[in-house]
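Single-letter residue listing:
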Amino acid sequence: MKFTLFVILLVIVVIFCVSLVFLNPGVTTIVLPFVDPFRDIPQAAVILYSMLVGTAAAMAAIFIKEIQRTVVTWGNERKAKKHGQLEERYAHGLDLVAGGRLEEATACFEEILKKEPQHPGATTALGDVHYSCKKWDKAIEYHSQARSITPANIRLMLKLGRDYAEADRRTDAIEILSQLTQIDGDNLTGFVELGKLYLKQGKPEQAYNAQCKVVNLTKDPNRKEKEQQILLGLKCELAGEQSAQGDDQNAIRTLKDVLHKDKRFVPAYIKLAEIYQKGGALDEAISTVERGYRSTPCMVLLQRLEELALAEEQPQEAISAYRQAIGRAPDDLAPALALALLYFKLEMLDEAEKECRYLLSHGKDFPLLHQLLAEIYFRSGRFEESCGRYKHVLQKQRERLFRYVCNNCGAEKASWEARCTSCGQWNSLVWQI
Ligand SMILES: [Zn+2]
């Protein structure tokens with residue numbers, strides 16, 4: 001078939017050449033610069049020669065192009081093969097990390113870096129491995145190196161910030177996280193970390209600003225509420241700082257703002273009362289905690305009220321506050337116990353005894369209560385009853401002596417367990433006095 005085609009083509013070419021010779025019988029003269037003219041050249045020969053030279057030139061051009069293409073393809077293939085091998089090693093290294101074989105993983109990544117020192121994946125992975133081994137300096141070294149390859153990589157900046165924070169290089173950590181939040185103004189993790197660092201650095205104002213961003217960026221309603229509480233706490237911290245610098249007016253304004261946002265935020269009442277007390281405005285301090293207790297019935301506020309009332313030498317204020325609290329929530333026995341202790345402190349022994357009995361009648365039976373009663377009886381000269389109560393206290397203490405504590409999670413158990421039922425740790429329960 002091919003041969004037939006060749007013969008047909010040959011015949012066509014021969015016919016074409018013969019017809020050229022017949023159609024162009026004349027001769028011509030070709031004049032070229034710097035050489036003698038070529039005379040009596042057959043016209044057909046000129047045409048054929050030109051055609052041959054043209055075809056040869058075109059074929060040479062195609063040949064050169066083809067060679068060039070082959071060389072480039074070969075180079076790319078070689079590069080791709082090398083890259084493929086490295087990526088295979090890198091994937092293997094990641095598998096080793098996932099399997100907890102960190103030393104082998106380190107060797108694998110180092111081997112990759114020997115062949116391609118700028119391999120971003122291997123550099124980052126080495127930093128990660130060193131981080132998980134708590135080798136902060138090495139982690140910083142590799143993560144910085146990875147960052148020099150991709151400077152605006154957000155993930156790397158977060159890692160580096162974390163490395164610096166662990167290595168106690170807070171200024172460096174803050175700097176890198178600030179850069180990050182400038183590049184990515186909506187980076188929630190960045191602002192959370194930044195806030196923590198500022199607080200540790202003793203910079204509540206900056207911590208507060210970072211936390212504002214965190215609250216704005218948090219979408220999940222449950223988390224948002226928690227972040228809001230942190231924000232209010234930071235504002236109290238800020239007020240403390242303002243007060244420490246002598247700017248009590250500003251501090252009071254800040255705290256009132258906190259309470260305007262959440263009137264159940266106990267730390268703000270406590271701090272506010274503290275500032276009033278420091279400035280000699282005890283009345284104001286007392287009414288602040290009273291107002292607080294009305295908004296949120298919290299024992300801490302009552303205890304603070306007692307301290308302030310005693311400092312003001314107005315114990316009646318504390319007593320009536322406790323009485324109101326007992327009347328408002330009879331099931332909550334904490335105010336009754338606090339009142340019993342206050343009566344005892346004030347040497348109002350009959351009233352103290354009455355409160356203790358009230359608690360006992362409500363099923364509250366703990367050593368402190370019996371101890372208090374024993375003390376009350378002792379001071380009233382009722383020694384036999386006092387002795388009886390002390391015996392009771394001793395009995396209770398003895399019972400408490402036999403307890404087991406988990407040295408892993410701190411849970412207390414009445415009897416020994418081979419495996420802590422709270423945290424699942426084996427052989428962790430010890431007898432503790
Ligand atoms: Zn435990």
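What you see is a predicted model, and the numbers here were worked out from it, not measured in a lab. Sequence order as written defines the numbering, with residues in each chain counted from 1. It should be noted that, the model being predicted, local features are given only for residues of pLDDT at least 70 and side-chain atom pairs only at 80 or more, the latter also being counted only at that level, while totals for whole chains, interfaces and linings use all residues.

### Brief notes about the nonpolar core
Operational definition: Linking buried Ala, Val, Leu, Ile, Met, Phe, Trp, Tyr and Cys residues through C-beta atoms within 7 Å yields a set, and such a set is a nonpolar core. Whether a residue is buried, exposed or partly exposed follows from its count of other C-beta atoms within 10 Å of its own C-beta, namely 20 or more, 12 or fewer, or something in between, respectively; the C-beta atoms are built from the backbone. Helix and strand definitions follow DSSP, with helices as H or I runs of at least four residues and strands as E runs of at least two, each counted in order from the N terminus. Here contacts are defined at the residue level, using C-beta atoms placed from the backbone and a cut-off of 7 Å between them.
V289, L305 and A340 are the most contacted members of the largest nonpolar core, which has 78 residues in total. No other element matches helix α16 (residues 334–345), which puts eight residues into this core. When residues no more than four places from it in sequence are discounted, the contact partners of A340 are A352, E355, C356, L359 and L372.

### Examining the sheet that holds strand β4 (residues 412–413)
Counted only if it meets this: In this scheme, strands are said to pair when DSSP sees at least two bridges between them.
The sheet built from three strands is open, its strands ordered β4-β3-β5 with antiparallel pairing. Two strands in the sheet have a free side with no partner beyond their single neighbour: β4 and β5 (429–432). In this sheet, β4 lies alongside strand β3 (residues 403–406) in antiparallel orientation, the contact comprising two bridges. For V405, the partnering residue across the bridge sits in β4 and is E412.

### Quick word on unusual backbone geometry
Unlike most non-glycine residues, F34 shows phi in positive territory, near 65 degrees. Relative to the assigned elements, F34 resides in the loop between β1 (27–30) and β2 (38–42). For F34, a count of 4 C-beta atoms within 10 Å translates into the label exposed. Even without a glycine there, the phi angle at E347 is positive, about 60 degrees.

### Concerning helix α11 (residues 248–261)
Since one α-helical turn is 3.6 residues long, residues separated by three or four positions face the same way. Put simply, the rule is: Multiplying 1.5 Å by the helix residue count minus one yields the expected span of that helix. Each C-beta atom gives one direction from the helix axis, and the arc is the one those directions make.
Taking 1.5 Å of rise per residue, the 14 residues of α11 would be expected to cover 20 Å, and the 20 Å separating its terminal C-alpha atoms lies within 8% of that figure. Within α11 the residues assigned to the buried category are A251, I252, T254, L255 and V258. Viewed end-on, α11 has its buried residues packed into an arc of 160 degrees, placing them on one side of the element. Residues of α11 that are exposed and point more than 90 degrees away from the buried face comprise Q249, R253 and H260.

### Digging into the packing of helix α8 (residues 188–200) against helix α9 (residues 204–217)
Put simply, the test is: The axes used here are C-alpha line fits, helices contributing only the stretch in contact, and every angle between their N-to-C directions lies in the interval 0 to 180 degrees. Each angle gets one of four labels, with under 35 degrees taken as roughly parallel, over 145 as roughly antiparallel, 65 to 115 as roughly perpendicular, and the rest as oblique. For any pair of crossing helices, the crossing counts as left-handed if the nearer helix is rotated counterclockwise from the farther one by less than a right angle, and right-handed if it is rotated clockwise. Each residue gets one label: Ala, Val, Leu, Ile, Met, Phe, Trp, Tyr, Cys and Pro are nonpolar, Asp, Glu, Lys and Arg are charged, and the others, such as Gly, are polar.
Running from amino to carboxyl end, α8 crosses α9 at an angle of 155 degrees, the nearest separation of the two axes being 8 Å. One element, α8, and the other, α9, form an angle in the roughly antiparallel class. With respect to the hand of their crossing, α8 and α9 are arranged in left-handed fashion. Of the residues in α9, those in contact with L188, F191, V192, L194, G195, Y198 and L199 of α8 are P204, Q206, A207, A210, Q211, K213, V214 and L217. Along the lines of polarity and charge, the residues of the contact of α8 with α9 split into eleven nonpolar, three polar and one charged.

### Comments concerning the pairing of β3
Of the strand pairs in this sheet, β3 and β5 are connected by four bridges, and their pairing is antiparallel. Opposite R403, over in β5, you have Q432 as the bridge partner. Counting the residues in the hairpin turn of β3 and β4 gives five residues, including G410, whose phi is positive at 85 degrees.

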